[in-house]
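Chain by chain, the residues run as shown.
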Amino acid sequence: MTIEARPYPFPEVPQLDLAPEYGQFRRAAGLARLEMPYGGTAWLATKLADVKLVLADPRFSRAAAVGADAPRTLPMIETTPSILNLDPPEHTRVRRVVARTFTVRRIELLRPRIQQVVDGLLDRIIEKGPPADLVTDFALPLAITGISELLGVPEDRRSQFHLWSDKATAIADVPVEEIMAARQSLENLFGELAEKRRVEPTDDLIGTLVSARDAEERLSDDELVQLGTVLLSAGHETTANQLSGYVFTLLTQPELWQRLRDEPALVPTAVEELARITPLGVVTFGRIAREDVEVGGTLVRAGESVVCQIAAANRDETAFERSGEVDFDREANPHISFGHGLHHCLGAPLARVELQSGLAAVVRRLPELRLAVPADEVPFKAGRLLRGPRSLPVTW
């Protein structure tokens, strides 16, 4: 049977809504077929079970897409192997270099410092007085500081790498040449920081990576730079978008904000539920089937690509009761907002500490917080891999 491919991406929807097509496909039998903006057609997985299968099953490969004109959202063909597109055993070897740094136990030791950063940012916001922009004044500097201190990025280089990172994740409205130049700038920055560690060794994460390359020979030069660049970029972009998106959701549903004011112990649970309900990105990078695989009743042939929409899977009616509602009392919450399988987000423990600390402090110290503009006037990012408020004007 021939399945007609639908053009992708779908028309943009307001703010943190999800395109209705995702729900329609999720409730239908089998996988949908997409005509991707680059590289041809791909299958789309939107059900939780199907997405988890594609992300975790070794019969699907990320590395097979490198260097090929595979179906994708980004205009550039992936040419450089990185932790984001490696398969085992190479992925296992590279990930192991930094995995110990991001264990829950080690990241918990950073909680007091993260709380100190949170309080310092809120001190400045409160001292200056309303209005404020919770993206540029709070969420973004918190996330940048967290990953920068872990890696060892000096303060005078932090604003630079964010600007390059924002442009490097563009999928529209930015010329390909500028996207590639931004990626190169990120790589040059990390290469420069790594070279300094060779002269003056440190015990930060960049120092760990350099040691893994020079002393232990567990990384190649390219792997060192690519791993560091991914940590720099993904280590702050995701958390900044999540935190500002969560606050937007709470301020547009005042009963949720009031619930956290009354029951601050709910914050960790609230973070998990807000992670589930808040869309963060477009479809994931494609996985290429190594052999014929049945996914959700659809036979995916060897060589075909499957892309996943995690946000849609997180609203799967068969996995979550009242899946479209925010429920802080949800007993089971098997969301996959931080990914699934061997590419599960390395920085998830750090993100959770930053999100919990940041959200709890904002609710505690600015209990009367509200949007400074009508909700439909809050500007959101467009044409990027990640979604979130471009700015979040608030007052109190």
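Preceding block: the structure.
Cut-off values and rules
Residues numbered from 1 in each chain as written. Predicted model: local features only at pLDDT ≥ 70, side-chain atom pairs only at ≥ 80, totals over all residues. Heavy atoms only, no water. Helix = DSSP H or I, 4+ residues; strand = E, 2+ residues; numbered from the N terminus. Rg over C-alpha atoms; globule rule 2.2 N^0.38 Å. Buried < 20%, exposed > 50% of the residue type's maximum accessible area, 1.4 Å probe, protein only. Phe/Tyr/Trp six-rings, centres within 6.5 Å; stacked < 30°, edge-to-face > 60°. Core = buried A, V, L, I, M, F, W, Y, C linked by side-chain atoms within 4.5 Å. Contact = heavy atoms within 4.5 Å. Axes fitted to C-alpha atoms, helices over the stretch in contact; angles between N-to-C directions. Parallel < 35°, antiparallel > 145°, perpendicular 65-115°, else oblique. Left-handed = near helix turned anticlockwise from the far one by under 90°. Nonpolar A, V, L, I, M, F, W, Y, C, P; charged D, E, K, R; others polar. Pairing = 2+ DSSP bridges. Disulfide = S-S within 2.5 Å. Salt bridge = Lys/Arg side-chain N within 4 Å of Asp/Glu carboxyl O.

Undergrad: Tell me about the overall build of the chain, residues and numbers included.
TA: Across its full length, the chain holds 14 helices and 11 strands. Relative to the globule expectation of 21 Å for 396 residues, the C-alpha radius of gyration of the chain, 21 Å, shows essentially globular dimensions. Considering only C-alpha atoms, the chain reaches an extent of 65 × 55 × 40 Å along its principal axes. Classification of the 396 residues of the chain by burial places 55% in the buried group.

Undergrad: Lay out the packing of aromatic side chains in plain terms, naming residues and giving numbers.
TA: Counted under the stated rule, the structure contains four aromatic pairs. When the ring of Tyr8 is compared with that of Phe10, the centres are 5.1 Å apart and the planes differ by 85 degrees; the resulting orientation is edge-to-face. Its relative accessible area of 5% is what places Tyr8 among the buried residues. Take Phe10: its relative accessible area is 8%, and that puts it in the buried class. Residues Phe248 and Phe380 carry aromatic rings whose centres are separated by 5.1 Å and whose planes lie at 75 degrees to one another, so their mutual orientation is edge-to-face.

Undergrad: How would you summarise the nonpolar core if you had to cite specific residues and measurements?
TA: Side chains that are nonpolar tend, in soluble globular proteins, to be buried together. Of all hydrophobic cores here, the largest spans 80 residues; its most connected members are Phe102, Phe138 and Leu359. A per-element tally of this core places helix α10 (residues 221–252) first, with 12 residues. Leave out the neighbours within four places in its chain, and Phe138 touches Val118, Leu121, Leu122, Ile125, Asp133, Leu243, Gly358 and Val362. Among the nonpolar cores identified, the runner-up in size contains 18 residues, and Trp43, Leu48, Phe60 and Val293 belong to it.

Undergrad: So what about the packing of helix α9 (residues 205–214) against α10? Which residues, and what values?
TA: Relative to each other, α9 and α10 sit at 160 degrees, their axes nearing to 10 Å. Regarding the angle of α9 to α10, the classification is roughly antiparallel. Considering how the two elements wind past one another, α9 and α10 form a crossing that is right-handed. Here α9 contributes Leu205, Leu209, Val210 and Arg213 to the contact with α10, which in turn contributes Asp221, Leu224, Leu227, Gly228 and Leu231. Each residue belonging to the contact of α9 with α10 can be placed in one class, and the counts come to six nonpolar, one polar and two charged.

Undergrad: Talk me through the sheet that holds strand β3 (residues 41–45); I want residue IDs and the actual numbers.
TA: The strand order β1-β2-β3-β9-β6-β4 describes an open sheet built from six strands, whose pairing is mixed. Since the sheet does not close on itself, it has two edges, and those belong to β1 (6–7) and β4 (60–61), each with one partner. Bridging between strand β2 (residues 32–35) and β3 involves four bridges; their strand directions are antiparallel. Following the sheet pairing, Ala32 is matched in β3 by Leu44. Relative to the sheet, helix α2 (residues 48–56) contacts β3, β4, β6 (287–289) and β9 (305–308), its axis offset from that of β9 by approximately 125 degrees.

Undergrad: Can you break down helix α12 (residues 267–277) residue by residue, with the values?
TA: The buried fraction of α12 is high, at nine of 11 residues. For α12, every residue scored as buried is listed here: Val267, Ala270, Val271, Glu272, Glu273, Leu274, Ala275, Arg276 and Ile277. The secondary structure elements touched by the buried residues of α12 are α10, α11 (254–262) and α14 (348–365).

Undergrad: So what's going on with the environment of Leu256? Which residues, and what values?
TA: Mapping Leu256 onto the fold places it in helix α11. Placed 70 residues apart in sequence, Leu256 and Val326 show a C-alpha to C-alpha distance of 8.3 Å. For Leu256, the contacting residues outside a window of four places in its chain are Leu250, Val326 and Phe328.

Undergrad: Can you lay out the state of the cysteines for me, pointing to particular residues and giving the numbers?
TA: Here the structure, examined in full by the defined rule, presents zero disulfides. Free of any disulfide, Cys308 has its nearest neighbouring cysteine sulfur in Cys345, separated by 16 Å. Overall, the relative accessible area of 30% leaves Cys345 in the partly exposed class.

Undergrad: Would you mind going over the pairing of β2 in detail, with residue names and values included?
TA: Regular strands show a simple pattern: their side chains alternate between the two faces of the sheet. Alignment of β1 against β2, held across two bridges, turns out to be parallel. Directly across from Pro7, in β2, lies its bridge partner Glu35. As consecutive antiparallel partners, β2 and β3 are separated by five residues, and within that stretch Gly39 has a phi angle of approximately 85 degrees, a positive value.

Undergrad: Lay out the pattern of salt bridges in plain terms, naming residues and giving numbers.
TA: On inspection of all chains with the given rule, the structure shows 33 salt bridges. Arg113 serves as the salt-bridge partner of Glu149, at 2.5 Å between the closest nitrogen and oxygen. Residue Glu149 is located in helix α6 (residues 135–151), and its partner Arg113 is located in helix α5 (residues 111–128); the two are separated by 36 residues in the primary sequence. Salt-bridge contacts for Arg157 lead to Glu192; the nearest nitrogen and oxygen are separated by 2.7 Å. Taken together, the positions of Arg157 in the loop between α6 and α7 (158–168) and Glu192 in helix α8 (residues 176–199) put the pair 35 residues apart, joining distant regions of the chain.

Undergrad: Any details on the environment of Asp214? Residues and values, ideally.
TA: Looking at the secondary structure, you find Asp214 in helix α9. Each C-alpha atom, one on Asp214 and one on Thr269, is 42 Å from the other, the two residues being 55 residues apart in sequence.

Undergrad: Pulling in residues and values, what's your account of the sheet that holds strand β5 (residues 132–133)?
TA: In space, the three strands of this open sheet follow the order β5-β11-β10, with antiparallel pairing throughout. Taken across any chain shown, the strands that pair with only one partner, and hence form the sheet edges, are β5 and β10 (370–371). Examined bridge by bridge, β5 and strand β11 (residues 393–395) share two bridges and lie antiparallel to one another. Across the sheet, the residue bridging to Ala132 is Val394, located in β11.

Geometry only, nothing functional implied.
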